[in-house]
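# Descriptive analysis of the structure
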Amino acid sequence: QVQLVESGGGLVQAGGSLRLSCAASGSIRSLNAAGWYRQAPEKQRELVASITTGGNTNYADSVKGRFTISRDNAKNTVYLQMNGLKPEDTAVYYCNAALVGYLRSYNVWGQGTQVTVSS
């Protein structure tokens, strides 16, 4: 079964840091473009950061300069380093990625990980 497994969420004080991980598992050849999204209560899911197969990155204005998305192709894993966290960053964070299998490709979402920033 092809899936994305997220980890690294938790409770942190304002100004603190967290590192989220998103690891692909199953019969895949590679993890291509990927992105981190978040959804706060009663709000729509929004794109936080994305990274292409070649490593080009893009960020939401609200997180520029504080968050960094990166990837380890050997481990089929994508990371989101979050520094200078603010209470408004509180949300469930989801990973999304294009995975290349041996017979087909997949667009997969992770199960989500809660990030809570206290003031």
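This text gives an overview of the structure that appears in the document. (Residues numbered from 1 in each chain as written. Predicted model: local features only at pLDDT ≥ 70, side-chain atom pairs only at ≥ 80, totals over all residues. Heavy atoms only, no water.)

### Quick notes on the overall build of the protein chain
Looking only at helices and strands, one finds zero helices and 11 strands in the protein chain. Taking 2.2 N^0.38 as the reference for a compact globule, 119 residues should give roughly 14 Å; the C-alpha atoms of the protein chain span a radius of gyration of 14 Å, in line with that estimate. By principal-axis analysis of the C-alpha atoms, the protein chain measures approximately 50 × 25 × 25 Å. The buried share of the protein chain, taken over its 119 residues, is 43%. For the protein chain, the computed accessible surface area is about 6400 Å², with 46% contributed by carbon and sulfur atoms. Taking the average place of the 11 positive charges on the side chains of the protein chain and the average place of its 7 negative ones, the gap between the two points comes to 8 Å. (Helix = DSSP H or I, 4+ residues; strand = E, 2+ residues; numbered from the N terminus. Rg over C-alpha atoms; globule rule 2.2 N^0.38 Å. Buried < 20%, exposed > 50% of the residue type's maximum accessible area, 1.4 Å probe, protein only. Areas by Shrake-Rupley, 256 points an atom, 1.4 Å probe, with all protein chains shown as cover. Lys, Arg positive; Asp, Glu negative; His and termini not counted. Charge placed at Lys NZ, Arg CZ, Asp CG, Glu CD.)

### Remarks on the layout of surface pockets
As a volume, the largest pocket reaches approximately 150 Å³. Lining of the largest pocket is provided by R38, Q39, A40, K43, Q44, E46, E88, T90 and A91. For the lining of the largest pocket, a count of residues per class yields two nonpolar, three polar and four charged. (1 Å grid on protein atoms, 1.4 Å probe; cavity = no way out; pocket = protein on both sides within 12 Å on 5 of 7 lines; lining within 4 Å. Points joined across faces, edges and corners; volume = space filled by probe spheres on them. Nonpolar A, V, L, I, M, F, W, Y, C, P; charged D, E, K, R; others polar.)

### Section: the packing of aromatic side chains
In the structure shown here, the tally under the stated rule is one aromatic pair. Lying across the ring of Y79, R19 places its NZ or CZ 4.0 Å from the centre. For the cation-ring pair, R45 lies above Y94, with the distance from its terminal atom to the ring centre recorded as 3.8 Å. (Phe/Tyr/Trp six-rings, centres within 6.5 Å; stacked < 30°, edge-to-face > 60°. Lys NZ or Arg CZ within 6 Å of the ring centre and 35° of its normal.)

### Here's the deal with the pairing of strand β7 (residues 67–72)
Side chains F67, I69 and R71 project from β7 onto a buried face, and the interleaved T68, S70 and D72 project onto a face without burial. The turn joining β7 and strand β8 (residues 77–82), which pair antiparallel and follow one another in sequence, is formed by four residues; a positive phi near 50° is taken by N76. (Pairing = 2+ DSSP bridges.)

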